[in-house]
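For reference, the chains in residue letters:
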Amino acid sequence: MKGTIFDIQRFCLDDGPGIRTTVFLKGCMLRCAWCHNPESLSDKVQLAYYENKCVRCGKCREVCPNGVHSFTEDGIRQVHFSSCVACGNCVRACPADALALLGRSMEASDVIDQVMKDEAYYRHSGGGVTFSGGEPTMQFAFLKELLQLAKAKGLHTCIETNGCLAPARMKELLPLLDLVLLDYKMTDEDMHKRYVGIDRSVVLATFAFMGEEKQPVVLRAPIIPGLNDNEEHFAAIRALKAKYPNILRAQVMPYHTIGKGKYGEIGMDYTLSSLENATETQRAAWQARVDTEE
Ligand code: SF4
Ligand code: SF4
């Protein structure tokens, strides 16, 4: 079975125990304002344009069947991303590497072959493979096959998920999962709808389901200064930990600006431009508030 991925990163140390390979699947049903992987949101292969590399030669305009690339009479370079069908003509024609297609279609078996290259590291470190995104469960059948193949190889398996998959569907995956990294993003109901895009009850139902199933979970909490770095939120995280013994720990994920520049490259707007990277001091303070015993 084939699926669409946008990256395979080796030697990851923060996506589960030990040394891991993290496979990033394309597609997500949410649009969190702080997402640092905007290229993961669409489930399609998509065009990226790197303005600082462009020498304005016009080759892309000549070869594009859909008029995606244009120049105004004033010489302003325009890219009409929504008309692109990802044929790749312009990427091949560009002499300056100013264009790229993000994402590729891969067989599940080829993904696992790549993952297995670091098997020795997994064995010695207690690591394995993590499937992330995007939201990996968006490509449910592909993810299931990846997990089956990984398990058949004896790998420790993990997914990083936003908790939107219906529990009945998630149940199919649990026998194939050693660990779930489950996001908890906002406590204020209105803010959750506004900045995450869905009702918080969907995610709470997933925490409850994981608890009933005794599924080992690491709660992952992105902390965004000014949005959710408040006592109500930290107290809610502590309460979840106290309520569900299957939550092994809660891990703060401090806001950073790594993804900011990528938005424009794929024709998207970034709405949190005024925010700065969280500092190590902030991260440690937030983690301490999450770790305080109730
Ligand atoms: S990938 Fe194809 S459709 Fe998209 S901009 Fe390039 S030439 Fe046009
Ligand atoms: S082909 Fe490449 S360098 Fe030339 S105008 Fe298009 S994007 Fe710019």
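In this text the structure is predicted, and so the values were computed from the model without any measurement.

### Things to note about the overall build of the chain
- Of regular secondary structure, the chain possesses 11 helices and 12 strands.
- For 294 residues, the compact-globule estimate of 2.2 N^0.38 gives 19 Å, and the chain sits close to it at 21 Å.
- Burial analysis of the chain (294 residues in total) assigns 49% to the buried set.
- The contacts in the chain between residues at least 6 apart in sequence include a share of 68% that link residues at least 24 apart.
- For the chain, the separation between the mean place of its 34 positive charges and that of its 37 negative charges on side chains is 4 Å.

### Some words on the domain arrangement of the chain
- According to the domain assignment, the chain contains domain 1 (2-43 + 105-291) and domain 2 (46-102).
- Using C-alpha coordinates to define each centre, domain 1 is positioned 33 Å away from domain 2.
- The largest per-residue losses of area from domain 1 upon contact with domain 2 belong to K26, E265 and I266, which jointly make up 68% of the total buried on that side.
- In this assembly, domain 1 and domain 2 are joined by zero salt bridges.
- Scanning the region where domain 1 abuts domain 2 turns up two residue pairs in polar contact (both at pLDDT 80 or more).
- Residues belonging to the side of domain 1 that touches domain 2 are distributed by class as follows: two nonpolar, three polar and three charged.

### Some details on the sheet that holds strand β10 (residues 179-183)
- Reading across the sheet, the eight strands line up as β7-β1-β2-β8-β9-β10-β11-β12 and stay open at both edges, with mixed pairing between neighbours. Two strands lie at the open edges of the sheet, namely β7 (104-107) and β12 (247-254), each paired on one side alone. Neighbour to neighbour, the strand axes of the sheet diverge by 30° on average, direction disregarded.
- The pairing of strand β9 (residues 156-161) with β10 spans four bridges and is classified as parallel. Across the sheet, the residue bridging to I159 is V180, located in β10.
- Of the strands in this sheet, β1 (2-12), β2 (20-25), β7 and β8 (128-132) touch helix α3 (residues 108-115), which is tilted by about 85° from β7.

### Here we look at the environment of R238
- Here R238 is to be found in helix α9 (residues 231-243).
- With 51 residues separating them along the chain, R238 and R289 place their C-alpha atoms 8.4 Å apart.

### A short note on the site of ligand 1
- For ligand 1, the full set of nearby residues is L47, C64, P65, V68, H69, C84, V85, A86, C87, G88, N89 and C90.
- Partitioning the shell around ligand 1 into residue classes produces nine nonpolar, three polar and no charged.

### A short note on the pairing of β2
- Of all six residues in β2, six are buried, a share of seventy percent or more.
- Sheet topology places β1 next to β2; five bridges connect them, and they run antiparallel. Each residue of the ladder has a partner; that of I8, found in β2, is V23.
- Summarising the sheet, β2 and β8 pair through five bridges and their orientation is parallel. Among the inter-strand pairings, F24 is bridged to a residue of β8, identified as S132.

### Some thoughts on the nonpolar core
- Ranked by size, the top nonpolar core spans 69 residues in total, and within it V23, W34, F131, F207, L219 and L272 carry the most contacts.
- It is helix α5 (residues 140-152) that contributes the most residues to this core, six residues altogether.
- Not counting the four nearest positions on each side in its chain, L272 is found in contact with A33, W34, I224, L227 and Y255.
- Judged by nonpolar contacts, the second largest core, of 11 residues, contains C60, V68, C94 and A98.

Cut-offs applied
- Residues numbered from 1 in each chain as written.
- Chains lettered and ligands numbered in written order.
- Predicted model: local features only at pLDDT ≥ 70, side-chain atom pairs only at ≥ 80, totals over all residues.
- Heavy atoms only, no water.
- Helix = DSSP H or I, 4+ residues; strand = E, 2+ residues; numbered from the N terminus.
- Rg over C-alpha atoms; globule rule 2.2 N^0.38 Å.
- Buried < 20%, exposed > 50% of the residue type's maximum accessible area, 1.4 Å probe, protein only.
- Contact = heavy atoms within 4.5 Å.
- Lys, Arg positive; Asp, Glu negative; His and termini not counted.
- Charge placed at Lys NZ, Arg CZ, Asp CG, Glu CD.
- Domains from an automatic or database assignment.
- Buried area = accessible area lost by both parts, 1.4 Å probe.
- Salt bridge = Lys/Arg side-chain N within 4 Å of Asp/Glu carboxyl O.
- Polar contact = N/O pair within 3.5 Å; in protein donor to acceptor, adjacent residues only side chain to side chain.
- Nonpolar A, V, L, I, M, F, W, Y, C, P; charged D, E, K, R; others polar.
- Pairing = 2+ DSSP bridges.
- Axes fitted to C-alpha atoms, helices over the stretch in contact; angles between N-to-C directions.
- Near = heavy atom within 4 Å.
- Core = buried A, V, L, I, M, F, W, Y, C linked by side-chain atoms within 4.5 Å.

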